[in-house]
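The lines below spell out each chain.
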Amino acid sequence: MYYLFSLLVLIMAVLLYMMYEARNVKVERIEFTLSKKGLKIIQLSDIHVKFLRVPAATIKSIIDKEKPDIIIMTGDYIEKPLHIEKFLGFLAQISGNIPVFLCLGNHDYRAFKTKKAEFFIKALEENGITVLVNRTVGFKKGNIIYNITGIDDLSEGKPDINKALESASKEAFVTIAISHNPDIVFDIPKGKVDYLFCGHFHGGQIWMPFHLEFRMLRDEKLCKMNITRGLHKVNGINLYINRGLGNVCVPLRFLSKPEITVFHLP
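Below, the structure is looked at part by part.

Scoring rules and cut-offs
Residues numbered from 1 in each chain as written. Predicted model: local features only at pLDDT ≥ 70, side-chain atom pairs only at ≥ 80, totals over all residues. Heavy atoms only, no water. Buried < 20%, exposed > 50% of the residue type's maximum accessible area, 1.4 Å probe, protein only. Axes fitted to C-alpha atoms, helices over the stretch in contact; angles between N-to-C directions. Helix = DSSP H or I, 4+ residues; strand = E, 2+ residues; numbered from the N terminus. Parallel < 35°, antiparallel > 145°, perpendicular 65-115°, else oblique. Left-handed = near helix turned anticlockwise from the far one by under 90°. Contact = heavy atoms within 4.5 Å. Pairing = 2+ DSSP bridges.

**Details of unusual backbone geometry**
Of note in the backbone geometry, Asp76 takes a positive phi value of approximately 65° without being a glycine. In this model, Asn235 sits at a positive phi of 55°, which is unusual for a non-glycine residue. On the accessibility criterion, Asn235 (22% relative accessible area) is partly exposed.

Okay, structure coming up:
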């Protein structure tokens, strides 16, 4: 009886901690330059607004403090069409007047099943969000042009890298790509993209020993290489994999805190 009680107490303690961790965001900082004159980016990923437990006010306060030039978002915002309004409200709370560029993730496409996601894209664009589905836009800071390229989701979308890059400016200083599934890095021709920002893996969300969370739930090539979060150099590209803000399946995290990433680019 004593051992059963102790086990129940342990289980409750772990559950309470996972609930706590899911609410507490960590700011990660990646400096590709020590200069503060370049482009400052905040990346948000895997919002999963249904199971998001980080308060929008907390995210807003971080964005206000950091004062980024742009916000990039790398997929998985909704689970069903009925979540669109909630996600748009979330965006209105956090973004202010900062330009937002986003791509779609596998959950965003699955939300519409056999229907296309055009309705979601239209709603986002009507709210001032730049949706990048296989296309590039330019962002200018001072006299420097930055290409921002969105590549469609690898598993549920229709990624077309050549189409995405055909509108890239040859005068741009660097090309920054965003896509949901980081395995897209293997399909990008060398020399075409300088930075690739992704999400999808949630950093594991609920840690298990021996990388079991990835062995059991993921079949991506990067996971088999033990590349599941953070900064890496793959295929000649600076690849960053964000742990995400929200949660999938359950609103719990363990040893994989929700993340907001701040980048300083040249």
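Picking up where we left off.
**Some remarks on the packing of helix α3 (residues 84-95) against helix α5 (residues 118-126)**
Pairs of packed helices are described in terms of their axes, by the angle between the two and the distance that separates them. Following both chains from N to C, one finds α3 and α5 inclined at 25°, their axes separated by 11 Å at the closest point. As summarised for this structure, α3 and α5 are arranged roughly parallel, according to the angle between their axes. Here the hand of the crossing between α3 and α5 comes out right-handed. On α5, the residues touching Ile84, Phe87, Leu88 and Leu91 of α3 are Phe119, Phe120, Ala123 and Leu124.

**Some points on the sheet that holds strand β6 (residues 135-141)**
What the six strands build is an open sheet, ordered β6-β7-β8-β9-β11-β10; its pairing is mixed. Edge positions in the open sheet fall to β6 and β10 (230-234), since each of these has one partner strand only. Taken pair by pair, the neighbouring strands of this sheet meet at an average axis angle of 25°, ignoring direction. Across four bridges, strand β9 (residues 195-198) lies against strand β11 (residues 237-241) in parallel orientation. Across the sheet, Phe197 pairs through a bridge with Tyr240, a residue of β11.

Read these as spatial facts, not as claims about activity.
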